[in-house]
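Residues per chain, in single letters:
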Amino acid sequence: MSLLRLALNNIRGNAFRSSVVFLCVLGVASFLLGTTLVISGAQNSLNVGIQRLGADILVVPEGAQTEVQTALLMGKPTNVWMPASKIDEIAAVPGVQAVSPQIYLQSLYGAPCCSVSEMFLVVYDPATDFTVKPWLDKELGRPLARGEVIGGSYIFVPAGEKYITLYGYNTTLAGNLGATGTGIDQTLFMTQETARAMAQSSLTTAVTPLVIPPGEISEVMVKIMPGADRHRVALDILLKVLGVVPLESPNMFGQFRHQMTGLLWGFVTIMVVFWVLSAVLIGLVFSMAANERRREIAVLRALGATRFYVFRSILAEAVILALGGALLGVILSSFVIYLFRGYITSSLGMPFLFPGWASFLGLVATGTAFILLTVILAVLLPAFRVSRMEPAIAARE
Amino acid sequence: MKTKKIFLGVALIIMAIAIAAVPHFNTCQYHGRDITTATGTHVPMKCNWSAQAEIAVGATLLTVGILALVSRRKETLSFLSIIGIVLGVVTILIPTRIIGVCSSLMPCNTFMKPFLVAMGTLVVSLCVVGLVVLLTSKEKEA
């Protein structure tokens, strides 16, 4: 009888024992992958979101830091203003290479062109912009014309329509940015020319006209010179330009990152407790099974099976159960997390972007290897003890 | 075989009740969101109709579960499993294709739709496994 067949027969022979080990492994695997996916999904979303912002430093009006970060992260409405004169003051700070203003227009609620209930309108300056332009150069190969807009992944042209109508003004969706899992996904970007045309049109075509306060902006995107110290530049902006606060892009969403770290440690603690308990339970189950099967093992030894063969047969049994449980566990948790990603985002209050295939498969492989190692370690001692037993003594006992 | 039959029947009954009941507590209307017309009339959104349709699917699945519990013949149980598979697929198709739900980040899209997809997948998986077990079993009666 081959080793694999013997192991499979042993699994079938004691359904209860096998089910306990299988379920333990399944539970650990699903919890392990599930929590890792949620945390890495949030981290992935943050990184993609910060990358999409495309600026080294964001300068926002004093007191509006949290508001702007929440808007960018979770898509909460915001309405912040500062004088446009700040642009020149920021540009004059040593180490600043480029500055570009952006204006947050009034949020739209229940817009038919957006698959979420709130949509943001962000106006950029094509003459100075360096955040939207790289995407336009790559995807469109030209700047946005008057009346053209680009949207986040949640923005679409309503079915049966040719345009997205905003404040009674028809705009053409020139393209969509990739998903980030953050508030950027529900943002519509347009040039100042389009925004002004829309505001002008809204006086006669919209129920509530669009108002763009003259000489006001919402934030300034800052690109620093190559080799310049980002932190130093940010400090200089804080000291030299009054009424504004610089947000360094790697440090953005700090409050959220802090919250996420707390959550991560909570998950890790639960996971370690769960993991230790499962390893002990699996070891105990195999230990009991080994004791029960003394006679059977004695017969095997009497028939010529070596100690190593007995040892390997018990390990093979554990590996089969571990692989089966781990695979089913990772499939189940990935399926559930993928399906309920929107619910997780809204209930945990964190952005979420499902990791790419490569990192997802990496997570699955690491998780499965970790589970396999755990089960092998838990089974090693009982398998070793039973394999060392003398056949005559084992049969008599 | 009897234990497996009872397991299939009870599992289908529990899932049928969940499919029929849970969506009603997760529609946009239940969470106070509906369309108000110019005349002030409140019109339910399409997730509400998906939830209503799932009652019919749930009721049929409940009947299938009860029949699976009382049936003895292997052929009958096999046919009930096939009906279960079809109902599982319909459970998934109602919120995703046939009727649909509201837009992203609405309560029906974040919970009701994934819940129905998960339940539908579970029903299909259970019935497929049940069918395979029945077809490979040598016993004539369950």
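In this text the structure is predicted, and so the values were computed from the model without any measurement. (Residues numbered from 1 in each chain as written. Chains lettered and ligands numbered in written order. Predicted model: local features only at pLDDT ≥ 70, side-chain atom pairs only at ≥ 80, totals over all residues. Heavy atoms only, no water.)

Chemist: Honestly, the overall build of chain B in this entry has me stumped. Any pointers?
Modeler: What chain B contains, in helices and strands, is four helices and two strands. Its helices and strands taken in sequence order, chain B reads α-β-β-α-α-α from the N to the C terminus. By principal-axis analysis of the C-alpha atoms, chain B measures approximately 65 × 20 × 20 Å. Sequence separation of at least 24 residues holds for 77% of the intrachain contacts in chain B that already meet a minimum separation of 6. (Helix = DSSP H or I, 4+ residues; strand = E, 2+ residues; numbered from the N terminus. Contact = heavy atoms within 4.5 Å.)

Chemist: Help me understand the confidence of the model for chain B in this model?
Modeler: The predicted structure's coordinates, where accompanied by low pLDDT, should not be read in detail. When pLDDT is averaged along chain B, the result is 88; 92% of the residues meet or exceed 70. Among the scores for the predicted complex, ipTM is 0.79 and pTM is 0.72. (pLDDT = per-residue confidence, 0-100.)

Chemist: How do you make sense of the environment of A:Leu372 when you look at a structure like this?
Modeler: Residue and element names in this part refer to chain A. Position of Leu-372 relative to the elements: it lies in helix 12 (residues 357-388). Taking the C-alpha atoms as reference points, Leu-372 and Met-225, 147 residues apart in sequence, are found 49 Å from one another. For Leu-372, the contacting residues outside a window of four places in its chain are Val-319, Ala-322 and Leu-323.

Chemist: Explain the domain arrangement of chain A to me, please; I cannot follow it from the model alone.
Modeler: Put simply, an interface is often sized by how much accessible area is lost when its parts join up. Residue and element names in this part refer to chain A. When its domains are assigned, chain A resolves into domain 1 (3-47 + 256-396) and domain 2 (63-242). Centre-to-centre, using C-alpha coordinates, domain 1 lies 48 Å away from domain 2. In this complex, domain 1 contributes nine residues to the contact, which on the side of domain 2 involves six residues. Broken down residue by residue, the surface that domain 1 buries against domain 2 is led by Ser-45, Pro-351 and Leu-353, which jointly contribute 60%. For the pair domain 1 and domain 2, the interface holds zero salt bridges. Linking domain 1 with domain 2 are one residue pair in polar contact (both at pLDDT 80 or more). (Domains from an automatic or database assignment. Buried area = accessible area lost by both parts, 1.4 Å probe. Salt bridge = Lys/Arg side-chain N within 4 Å of Asp/Glu carboxyl O. Polar contact = N/O pair within 3.5 Å; in protein donor to acceptor, adjacent residues only side chain to side chain.)

Chemist: When you look at the side chain of B:Ser71 in this model, what are you seeing that I'm missing?
Modeler: Residue and element names in this part refer to chain B. For Ser-71, the location among the structural elements is in the loop between helix 2 (46-70) and helix 3 (74-98). On the basis of relative accessibility, which here comes to 9%, the residue Ser-71 falls in the buried class. Within the structure, the side chain of Ser-71 is placed 2.5 Å from the backbone oxygen of Leu-67, a separation counted as a polar contact. (Buried < 20%, exposed > 50% of the residue type's maximum accessible area, 1.4 Å probe, protein only.)

Chemist: Could you clarify how one ought to interpret the packing of helix 2 of chain B against helix 4 (residues 107-136) of chain B in this entry?
Modeler: When two helices pack together, you describe them by how their axes are tilted relative to each other and by the distance separating the axes. All names here are of chain B. Direction vectors running N to C along helix 2 and helix 4 enclose 20°, while the axes themselves pass 12 Å from each other. On the basis of the axis angle, helix 2 is roughly parallel to helix 4. Crossing handedness for the pair helix 2 and helix 4: left-handed. Between helix 2 and helix 4, the contacting residues are Cys-47, Ser-50, Ala-51, Glu-54 and Leu-61 on the first element and Cys-108, Met-112, Leu-116 and Val-123 on the second. Its residues assigned to classes, the contact of helix 2 with helix 4 shows seven nonpolar, one polar and one charged. (Axes fitted to C-alpha atoms, helices over the stretch in contact; angles between N-to-C directions. Parallel < 35°, antiparallel > 145°, perpendicular 65-115°, else oblique. Left-handed = near helix turned anticlockwise from the far one by under 90°. Nonpolar A, V, L, I, M, F, W, Y, C, P; charged D, E, K, R; others polar.)

Chemist: Can you walk me through the packing of aromatic side chains in this structure?
Modeler: All names here are of chain A. A complete count under the given rule lists 11 aromatic pairs over all chains for this structure. Ring geometry for Tyr-338 against Phe-354: centres 5.3 Å apart, planes inclined by 90°, an arrangement best described as edge-to-face. A residue pair is termed long-range when its members are at least 10 positions apart, and Tyr-338 in helix 10 (residues 307-339) and Phe-354 in the loop between helix 11 (341-348) and helix 12 qualify at 16 residues. By relative accessible area, Tyr-338 is classed as partly exposed at 43%. The exposure class of Phe-354 is partly exposed, given its relative accessible area of 22%. Their ring planes at 70° and their centres at 6.2 Å tell us that Phe-352 and Phe-354 sit as a pair that is edge-to-face. Here Phe-352 falls in the buried class, since its relative accessible area comes to 8%. In textbook terms, an aromatic cluster arises when at least three aromatic residues are bridged by ring pairs, as seen for Tyr-338, Phe-352, Phe-354, Trp-357 and Phe-360. Across from the ring centre of Tyr-338, 4.2 Å away, lies the NZ or CZ of Arg-341, which sits over that ring. (Phe/Tyr/Trp six-rings, centres within 6.5 Å; stacked < 30°, edge-to-face > 60°. Lys NZ or Arg CZ within 6 Å of the ring centre and 35° of its normal.)

Chemist: Please explain helix 9 (residues 294-302) of chain A as it appears in this structure.
Modeler: Helical geometry note: an α-helix holds 3.6 residues per turn, so side chains three or four residues apart project in the same direction. Residue and element names in this part refer to chain A. Regarding helix 9, the residues found buried are Ile-297, Ala-298, Leu-300 and Arg-301. Viewed end-on, helix 9 has its buried residues packed into an arc of 160°, placing them on one side of the element. Away from the buried face of helix 9 by more than 90 degrees, exposed residues Arg-295 and Ala-302 are located. One or two residues past the end of helix 9 sits Gly-304, with phi positive at roughly 110°. (Arc of directions from axis to C-beta.)

Chemist: I keep staring at the confidence of the model for chain A and nothing clicks. Help me out?
Modeler: Mean pLDDT over chain A: 84, with 94% of residues reaching 70 or higher. Mean pLDDT across the elements of chain A bottoms out in helix 13 (residues 391-396) of chain A (69) and peaks in helix 4 (residues 86-91) of chain A (93).

Chemist: Teacher, can you tell me more about a nonpolar patch on the surface here?
Modeler: Residues and elements named next belong to chain B. Nonpolar side chains collect at one region of the surface, where Ile-6, Val-10, Ile-14, Ile-66, Leu-67, Leu-69 and Val-70 lie side by side and expose about 570 Å² of accessible area between them. Counting residues per element, the ones that place at least two in the nonpolar patch are helix 1 (2-21) and helix 2. Looking at where Val-70 falls in the secondary structure, it is placed in helix 2. By relative accessible area, Val-70 is classed as exposed at 59%. (Patch = residues over 30% accessible without salt bridge, like charges linked within 9 Å, V, L, I, M, F, W, Y side chains within 5 Å. Areas by Shrake-Rupley, 256 points an atom, 1.4 Å probe, with all protein chains shown as cover.)

Chemist: Can you walk me through the environment of A:Phe308 in this structure?
Modeler: Relative to the assigned elements, A:Phe308 resides in helix 10. Between the alpha carbons of A:Phe308 and A:Arg388 there is a distance of 9.0 Å; along the sequence they are 80 residues apart.

Chemist: Is there a simple way to explain the pattern of salt bridges in this structure?
Modeler: Two side chains that carry opposite charge are able to pair once their charged atoms sit near each other. Residues and elements named next belong to chain A. As enumerated under the stated definition, the model contains six salt bridges over all chains in all. Across the pair Asp-56 and Arg-230 runs a salt bridge whose closest N-O atoms are separated by 3.5 Å. Residue Asp-56 is located in the loop between helix 2 (15-53) and strand 1 (57-61), and its partner Arg-230 is located in helix 7 (residues 230-240); the two are separated by 174 residues in the primary sequence. A relative accessible area of 27% places Arg-230 in the partly exposed class. Salt-bridge contacts for Asp-137 lead to Lys-133; the nearest nitrogen and oxygen are separated by 3.2 Å. Taken together, the residues Asp-137 and Lys-133, both in helix 5 (residues 133-139) and four residues apart, mark about one turn of the helix. By relative accessible area, Asp-137 is classed as partly exposed at 42%. A relative accessible area of 40% means that Lys-133 is categorised as partly exposed.

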